[in-house]
Every structure is written in C-alpha cells, then in structure tokens.
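# Residue-level structure breakdown
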Amino acid sequence: MQPPAQPTVDQQAARIALAALRGPEALDAVLSAVGVPTVAGPAVRLRRIDLRNIAGFGPRCNLELDAHPGLTVLTVPDPTLRDRLTQLIESGLTGAAYAGEQSTAQVVLDLAASTGRVEIRTDWPDPDNPEPRRTIHAPGLPTAGERGERPAWLRPDRRVVVTAPEIDVAGVPEAVPGDLLTTRIEQIDRVLATEQDLREEVRSALLGLGDKGAAAASLLPGDYEHTVDFGTMTDLVADHYERVEMLQAILRLRVPDAHEAGRLADLLETAPTHRLVAEAWAYIGAPPALLAQRTVRLQRQSAALAAWHEWTMVSDDPAELAAHLRTQPALAEATWLWQDEAEDTLAVEEVWTQVEYWASAYRAGRRGLRLRQLLCRAGELLDSLQRFSVRNAAVLMIDLVIARAVVEAPGFLVLELPPPIPGAGPAKAEISQMLSRLLQLAQREQVIVLTSGDDLAAAVRRRDARAQLLLVAADEHRRVLPQPWTDPAQRAIDRAWAVTDDPALDPGVKSEELAALLRQALERAAEERFLAGNGIRSEWEQSGDLGSRLELALGVSDLSDWALASADRRQALDLIGCEVVEPRAHRGAILAVSRTVDHIRTGAPA
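As a further point, take the side chain of arginine 48. Inspection of the secondary structure assignment puts arginine 48 in strand S1 (residues 44-54). A polar contact is formed between the side chain of arginine 48 and the side chain of aspartate 50, at a distance of 3.2 Å. Leaving out residues up to four positions away in the same chain, arginine 48 has contacts with Asn62, Leu63, Glu64, Val108, Leu109, Asp110, Arg117 and Glu119.

The following block contains the structure:
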C-alpha cells in the first residue's frame, strides 16, 4: 500500500500550524505578523560550540562546525546529552532558562555574521537560578562588561532552535487544536459578513447623492476578487473631513439668549444708564466669523448673514436700543434655519464618513480572507498529522519546520529530531524524504541536526550527499569528544580493536566484552540492511534473537547454508552463541566479523 501523498506546504500556513500547536498566544502573534514585511538581517552562521564543565560532557567539549550553507548532522547516541546540548544552544541564543548546571559551567557560541564575528558566553553563576547570564561580543555593541545586549537579528521570536518536543508527532493527535483554528476562522467570517453588509449600505446611500455619489458607488467592488481604485475614491472624499468640521462648527454656534435680551430691554426702557447701554452693546457682540465660510455651500447662509448684520447695527439711544433687543427672535429664526440646513448637509456628509469606514473594513476583509485561507490550509496540515502514519507524519512535521525556517531563520537552523518511536520509527523512504527536505533548505541555510539515531547520517552516506557528519559520544576513556561519524557496526568493530589492544584490561573481561561487541557489530549491520530495504521496525523488534534477525536481513531461511560460503561467515556464525572469545582468536575473530559485516552491508561475497 502506497503511503498517503504529502500535502504541499505553504510557508505561512506552516508557521500558523506550528504556532497553533503551541497555543492561542503563539497563534495570534503569528497571525498579526502575516503580510508584514520582514527586515532581512545579516547572514549568520554557527561556527563553534564550546562546552566547559557541562554535566555529561566533561571538562571541555569543542564542536567545530562548517560555517556555511549546508547540512551538519550531529549524532549524539545518548538522548540525555542530545537534549542537554539542544537546550544549552537555545539558552545561549535566546536567553531561555536552563536549570541544573554548576557554577563553573559555561557555553561559548561562536557565530560568523556578515557584520563580523559574534561570541556569546553563557554561564549560570547561581546554580539555584535557571536564568543564564550572557555576555555578547559583537560589532557595534558595548564591551563585554555590558550584559543583556544582543544584535538586532538575534531576536527571541526568531525560531533558530527547534527542540524535539516541538516536532515529536507521537502526541500530535491529542494536541491538534482544531477548535482554536475554527474559532479564528469564525471571527474572520464575522468580519467579512460585516464588511459586505456595510458595503451594500454605503452603495445604496451613495446612489442617492447625485453624480458624485454615483461615481463613488461605481467604485465599490462586487467581491474581493475585484481591484478597488482607492486613488479615485480618495479624490472624491478629499475635502470630506474639512466639510464635516465646518458643519459641526456651525451647529455649535449659539445665538444671543432671548431671556437676557428681554431683561436688558426692560431695564433700558425703565432706568437707562450709560453703563446699561454698554452692557447691551457687549451682549449684542459682533457677527460670527463662520458667516463668511466658503467650505460648504449653504443656501440659507446669506439670510443668516443679513440677520446678523442687522442685529449688530445698533444705536446708542436707550429707547431704540431696547426696541432693537426685542428683535432677537428674528435673529434666532434665521440662524436656526441656517443650522437646520447645515444639519441636513452633515447627514449627507456622514455617507462619506461611512465610505471611509467601509474602505478600512474592506482592507481588513481582504487581509482576513488571506488569513482564512492560511488557517484552512494550516488546519489541513494538522489534520494530515492526525491521519498519517507516525512515519509519514514525522516527514510532514519536518516539512512544516523547514517551511517556517525559510521565513524566520536568520541564516542557520538547529533542529533536534525526536527519538524513534518503538515499532514505528521512520523507514528508508521516510528518512530519504526527510533528508531531501533538509538538503534543499541547506542549499541556502546552515542546517544543524541533532539526533540520537544513526538513520539520518547513514542516509547521507548512502546517497553520498555533501554534509558534515559528526559523532558526539564517549570514547574508551569516557571522554565526550566529537569525531567523524561512522556507522554503528563500524563503531563496534573499532571499539573491539581498542579493547583488544588495551593492556590494562583484565583478560577475562576483555574476552567477554569482545564477544559482545562483535555480536553488536553483526546485529547493527543486519539492522541497517533490513531497514534500508524498507523493512518495518516493528517486525525487526519482534524477530527475536540475533540469528533470526540475520535471517530476516539476509532473506535466508537457514544461516547454516549461508555460512557455508566462507570461513569468515562460519566463524561469525559461531560467535553468535559465544559469551567469550578465546584470547588467541581475538584478532582473527575481529577480522572475520569485519569482513562479514561488509558482506551484510553490500551483499558482496564474504
């Protein structure tokens, strides 16, 4: 049965899918950044990882990396050390908390940027405080004494380090937040519906505003597929805000109070004084400056202007002044008629305000439509993670991480692969697909993969791909030192030679350890051959003893017939059931197993 086809991965949809797995806050942060141009920083590469007094790594472990676009596979057989190394790198780059290191522990990250070398030193002066202390040396930053500074490209939100739990597909079916994506889609649907309703209301209102309104209505789109000429629309509403401000100012105008006019008139008729005349003149005042406005054409403005002109033409005779004050109702009537016209005109202008509101809503709607498409696509990706087998889901998850790295990584990506899931670890086809994705990204980025298994490095070797392969494991003296990667069978054989040549080792212990290492070499070679042929890991794990596994890998039903082909095979077959190797047979046994391993790998005669 063919595995399900991997869906095409959109970079932005991948970012959304992975953010959704981290929760609503991470999702909203990514959604808010969709469509926002990113400022490209300098190209940055990781040159060196120097571990000093780190638990499990000894006094000093120095990893020299190829600081250029390409693939580096760091095989760390001990999962605990692999996790620790990933967390230490992340802590150094982002300042993330990391607990458990002694006060003398220090991590030095040496990076090469186009702006110059950057060195980040991280230590934990207080063992009870997981917050690291970082000192960053970089061009343009303060001296080493200034802590907490970082280059602009080294932002915490840049996803430089991806840890194994983030891409471990074992718990994905329970973690896929379908409701979270559905909620965001429903929110966008409400925004789209609101914009469509507003668009039709505005269209109807504009059609009642004459030629100018009809011209604006013709610019409204039928749907989001049409392009809106916002330039012309802006010209149509260019003076809208100035007109609204003027009309609102007219409506705020107050006419002289009628009660005060009557009071002053009564006093002038009964007890006129010079002071009272002066008070009446102050009350009458001057015509408002708004009567000269030309921003909005109002038919009743001339009548109001005439009324105010008549109102301010006063006499200093108390009797005439009193009679004049009693004409206040005529002034009020003319002013109110003018304001009524301004209010009606303002109601029309509110349509243009609605046009502005609609334009903003339309832009939000277009962006929302794009987000909706991405959310739906992200939902399909997450749904695929649930429907796929764990092996295919693992490849898709790597696709998602790579797609996000294209957008976010500043020049390098550290990717920690989760350990194989018992009974469902990736087989040759999935490992090959994963490697293809990583090599594609490595054409333009530095990709550093940390893994506890040998599958990926073995796939690189089989394909003869260009990559840096390092093994980070303890040597015969229990020192953790990086060294060129060799396959597990060859490592067991190399270890067997070291045991044989160790004069300090007890002869009895040496014979027992040698037998175990040679059996391990045969088993690992057989396992590599079986899985490379698209064998199923669960079948391998259920196959039983070493003899059964050799038969499964070699495709034979009887190892005795297979062993008849050469003395090396017969000697290797004899070792399967041996707990010790006689001292005089040490070197011969290693040679025989080494040649048999070559046959198991290649199928060549042994």
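Axis separation between helix H18 (residues 488-500) and helix H19 (residues 507-532) bottoms out at 8 Å; the angle between their running directions is 165°. For the element pair H18 / H19, the angle class is roughly antiparallel. H19 is crossed by H18, and the crossing has left-handed handedness. On H19, the residues that touch Pro488, Ala489, Ala492, Ile493, Arg495, Ala496, Val499 and Thr500 of H18 are Lys510, Glu513, Leu514, Leu517, Leu518, Gln520, Ala521, Arg524 and Ala525. Of the residues contributing to the contact of H18 with H19, the split by class is 11 nonpolar, 2 polar and 4 charged.

Let us now look at the nonpolar core. Inside soluble globular proteins, nonpolar side chains tend to come together where they are buried. Ile16, Leu71, Leu206, Trp358 and Leu438 are the most contacted members of the largest nonpolar core, which totals 70 residues. In terms of residue count, helix H14 (residues 328-387) provides more of this core than any other element does, 13 residues in total. Core analysis: the next-biggest nonpolar cluster, separate from the first, contains 36 residues, Phe57, Leu63, Leu81 and Leu85 among them.

A surface patch of like charges, here negative, comprises Glu333, Asp340, Glu343 and Asp344. Mapped onto the fold, aspartate 340 is located in helix H14. Of the residues examined, aspartate 340 reaches a relative accessible area of 38% and is grouped as partly exposed.

All right, on to unusual backbone geometry then. For asparagine 53, which is not glycine, the phi dihedral falls at a positive 55°. Along the chain, the position of asparagine 53 falls in strand S1. At aspartate 464, a position not held by glycine, the phi torsion is positive, near 60°. Structurally, aspartate 464 is set in the loop between helix H17 (455-463) and strand S10 (467-474).

What follows deals with the sheet that holds strand S6 (residues 133-137). Spatially, the 5 strands line up as an open sheet ordered S2-S1-S4-S5-S6, and their pairing is antiparallel. Strands at the two margins of the open sheet, each flanked by one partner only, are strand S2 (58-64) and S6. The sheet shows a mean angle of 15° between the axes of neighbouring strands, direction not considered. Direction of pairing for strand S5 (residues 116-123) relative to S6: antiparallel, over a ladder of 5 bridges. Bridge pairing in S6 places glutamate 119 opposite histidine 137. Here helix H3 (residues 79-94) sits on the sheet and contacts S1, S2, strand S4 (106-113), S5 and S6; the angle it forms with S1, its principal contact strand, is near 115°.

Cut-off values and rules
- Residues take numbers from 1 onward in each chain, read along the sequence in its written order.
- Totals for whole chains, interfaces and linings use every residue, but because this is a predicted model, local features are given only for residues with pLDDT of at least 70 and side-chain atom pairs only at 80 or more, for both listing and counting.
- The basis for every side-chain value is the complete set of heavy atoms in the structure, and neither hydrogens nor water enter the calculation.
- In DSSP terms, a helix is any run of H or I states spanning at least four residues, a strand is any run of E spanning at least two, and both are numbered starting from the N terminus.
- Polar contact criterion, stated in full: a pair of N or O atoms within 3.5 Å, where within protein one must be able to donate a hydrogen and the other to accept it, and residues adjacent in sequence count only if both atoms are side-chain atoms.
- Throughout, a residue-residue contact means that at least one pair of heavy atoms, one from each residue, lies within 4.5 Å.
- Only the stretch in contact is used when fitting a helix axis, every axis being a line fitted to C-alpha atoms; angles between N-to-C directions are given from 0 to 180 degrees.
- Roughly parallel refers to an angle under 35 degrees, roughly antiparallel to one over 145, roughly perpendicular to one between 65 and 115, and oblique to any angle outside these ranges.
- If you view the pair so one helix is near and one far, a crossing is left-handed when the near helix is turned anticlockwise from the far one by less than a right angle, and right-handed when it is turned clockwise.
- Three classes are used, and their members are as follows: Ala, Val, Leu, Ile, Met, Phe, Trp, Tyr, Cys and Pro are nonpolar, Asp, Glu, Lys and Arg are charged, and the others, Gly among them, are polar.
- Among the buried residues, those of types Ala, Val, Leu, Ile, Met, Phe, Trp, Tyr and Cys that are joined through side-chain atoms within 4.5 Å form a nonpolar core.
- Categorising residues by exposure relies on relative accessible area from a 1.4 Å probe, with only protein chains included: less than 20% of the type maximum marks a residue as buried, more than 50% marks it as exposed, and the intermediate range marks it as partly exposed.
- Each patch is assembled from residues with relative accessible area greater than 30% and no salt bridge, linking like charges that lie within 9 Å and nonpolar side chains (Val, Leu, Ile, Met, Phe, Trp, Tyr) that lie within 5 Å.
- Accessible surface area values rest on a Shrake-Rupley calculation with a 1.4 Å probe, where residue burial reflects the displayed protein chains alone.
- What makes a salt bridge here is a side-chain nitrogen of Lys or Arg within 4 Å of a carboxyl oxygen of Asp or Glu, nothing more.
- His is not counted here, nor are the chain ends, while Lys and Arg score as positive and Asp and Glu score as negative.
- Where a charge sits is defined by one atom per residue type, namely NZ (Lys), CZ (Arg), CG (Asp) or CD (Glu).
- Here, a strand pair is defined by DSSP locating no fewer than two bridges between the strands.

Fair warning: the whole summary comes from geometry, so function is off the table for now.
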